[in-house]
Amino acid sequence: FLMSRGSTDGVTFMQIGAFDGVSGDPLHSYISQYDWEGLLVEPQTYYFQKLEETYAGEDGIELVHGAIGHKNGHRTLYTVSDPEADDAPHHAGQIASFDRSHLVDRGKGRAVPEDRIREEQVPTYQPMSLLRKRDILDLDLVQIDVEGFDNEVLHMLDLSKLSPSIVQFEHSHLTTTEYLEATDYLISNGYQIATSSKQDTVGSQRP
């Protein structure tokens, strides 16, 4: 996609589930090096503060503290308390979810203890209204990483109006049905599908 553009400059993106903007982030180096402009959404208060530190002073970057939802409002997010403590579960900060079972049903040795699960009320934003409010409908790229909520978030995006050249989502926490729904939605909107990593699938607009 970038090579076909002839330049990595001038890219506009939306990143849903931005975390701290660095850890395992596929966009960070491009944003920093090529001055990409975009909207980054992160619900966890602790990591949103780190995200603010990551992009402090960056022009063209807008941060939204909240989550993507079917409607504007609030919703309970389940997180791990003290995620960076020595005894915290592996990748504790990156397993926050609207689904409590996502934290407790992680398999032997990976489940989050009940006393470490924290509830946080977070604002939710319908993505199309969020983009319209900021007059950002001309997107080049959408990046989604929301711990098993990816298919739902993808379907909240009206791809016929946004038409980003690239859409990437995390598939590793999706059921087979959810994955097929996600890829079918992209294919029906003119995208070709490829696996970009063990965790992610990317859709690119057909030539």
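It should be emphasised that the depicted structure is a prediction, and the values quoted were computed from it without experimental measurement.

1. Re the side chain of H171
Positionally, H171 belongs in the loop between β8 (166-170) and α8 (176-188). With relative accessibility at 15%, the residue H171 sits in the buried group. Sequence-distant contacts of H171, that is, excluding residues within four places in its chain, are made with Y179, T195, S197, K198, Q199, D200 and T201.

2. Some details on helix α3 (residues 45-54)
Looking only at α3, the buried set comprises Y47, F48 and L51. Projection of α3 onto a plane perpendicular to its axis shows the buried side chains occupying an angular sector of 105°, all on one side. Contacts made by the buried residues of α3 are with β2 (37-42) and β3 (61-65).

3. Describing the nonpolar core
Counting 33 residues, the largest nonpolar core has M14, I68, I144 and L154 as its most contacted members. Apart from the residues lying within four places of it in its own chain, the contact partners of I68 are M14, I16, V41, F98, Y125, P127, L130, F149, V153 and M156. Within the second largest apolar cluster, 14 residues are counted, among which are I31, F48, L51 and I166.

4. Considerations on the pairing of strand β1 (residues 12-16)
Taken across its five residues, β1 has five buried, putting it largely inside the fold. Residues T12, M14 and I16 point to one face of β1 and F13 and Q15 to the other, with burial holding for every one of them. Across five bridges, the pairing between β1 and β2 is parallel. Each residue of the ladder has a partner; that of F13, found in β2, is G38. Note on the crossover from β1 through helix α2 (residues 28-34) to β2: the handedness is right-handed.

Reading the values: the criteria
- Residues numbered from 1 in each chain as written.
- Predicted model: local features only at pLDDT ≥ 70, side-chain atom pairs only at ≥ 80, totals over all residues.
- Heavy atoms only, no water.
- Helix = DSSP H or I, 4+ residues; strand = E, 2+ residues; numbered from the N terminus.
- Buried < 20%, exposed > 50% of the residue type's maximum accessible area, 1.4 Å probe, protein only.
- Contact = heavy atoms within 4.5 Å.
- Arc of directions from axis to C-beta.
- Core = buried A, V, L, I, M, F, W, Y, C linked by side-chain atoms within 4.5 Å.
- Pairing = 2+ DSSP bridges.
- Right-handed = clockwise from strand over helix to strand, strands pointing away.

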